[in-house]
Amino acid sequence: MNPVSYHTKVPIIILDDSSFAEYREDTDDANVIAVNIIWNSVHSERTNRQYIPFLNTDKEIILKINGKDIPVSGFAESLPVLREELTQYSLTLVISESYYTSLGFNLTADETIYTVKLTDKPFRK
């Protein structure tokens, strides 16, 4: 089976390393956490939202951001404790500050669409 690509909004939250370590809990080697939930708008109301998984977590997920392949290294079912709300119908990423710095580019606050590539490789923790 060939890899599948999707175009979607990907809000990125960058946390300092200690906050990121607290957020990721037991995923020791994770640098990029995908908040893997999407509102089930078919079976729940806007005022009482129920969520379902956005992606199948047993497949490797690679994001292509500014020409670099960024592998998702863990999944979560909630955002870190912030004053931000989940952006509906998007794949929110939480990244450690040190990993973001190692990528060597600055992301802009402009609306940008990144490519999410799903492969047949199993997800590895």
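These numbers come from a predicted model, not from an experiment.

Peer 1: Explain the overall build of the protein to me, please; I cannot follow it from the model alone.
Peer 2: Each helix and strand in the protein was counted, giving two helices and ten strands. Helices and strands in the protein line up, N terminus first, as β-β-α-β-β-β-β-β-β-β-α-β. Within the protein, the proportion of its 125 residues that are buried is 38%. Of the contacts formed within the protein by residues at least 6 apart in sequence, a portion of 76% connects residues at least 24 apart. With the model as given, the accessible surface of the protein reaches about 8,100 Å², and the carbon-plus-sulfur share is 47%.

Peer 1: What's the story with the nonpolar core in this structure? I'm lost.
Peer 2: General note: in soluble globular proteins, nonpolar side chains tend to be found buried as a group. Counting 16 residues, the largest nonpolar core has Val32, Leu63, Ile70, Val72, Leu93 and Tyr99 as the members making the most contacts within it. For this core, the elements supplying multiple residues, two or more each, are strand E3 (32-35), strand E6 (59-65), strand E9 (92-96) and helix H2 (97-103). Counting eleven residues, the second-largest nonpolar core is a separate cluster that includes Leu15, Tyr23, Val35 and Ile37.

Peer 1: Would you explain the side chain of Ser96 in this entry?
Peer 2: Positionally, Ser96 belongs in strand E9. Exposure remark for Ser96: the relative accessible area of 3% places this residue in the buried category. Those residues in contact with Ser96 that sit more than four places away from it in its chain are Ile14, Leu15, Asp17, Phe20 and Asn31.

Peer 1: Sorry if this is basic, but what is going on with the packing of aromatic side chains here?
Peer 2: For any pair of aromatic rings, geometry is given as the distance between the ring centres together with the angle between the planes. The tally for this structure, following the rule as stated, stands at zero aromatic pairs. Lying over the aromatic face of Trp39, Arg49 brings its terminal NZ or CZ to 4.4 Å of the ring centre.

The rules behind each value
Residues numbered from 1 in each chain as written. Predicted model: local features only at pLDDT ≥ 70, side-chain atom pairs only at ≥ 80, totals over all residues. Heavy atoms only, no water. Helix = DSSP H or I, 4+ residues; strand = E, 2+ residues; numbered from the N terminus. Buried < 20%, exposed > 50% of the residue type's maximum accessible area, 1.4 Å probe, protein only. Contact = heavy atoms within 4.5 Å. Areas by Shrake-Rupley, 256 points an atom, 1.4 Å probe, with all protein chains shown as cover. Core = buried A, V, L, I, M, F, W, Y, C linked by side-chain atoms within 4.5 Å. Phe/Tyr/Trp six-rings, centres within 6.5 Å; stacked < 30°, edge-to-face > 60°. Lys NZ or Arg CZ within 6 Å of the ring centre and 35° of its normal.

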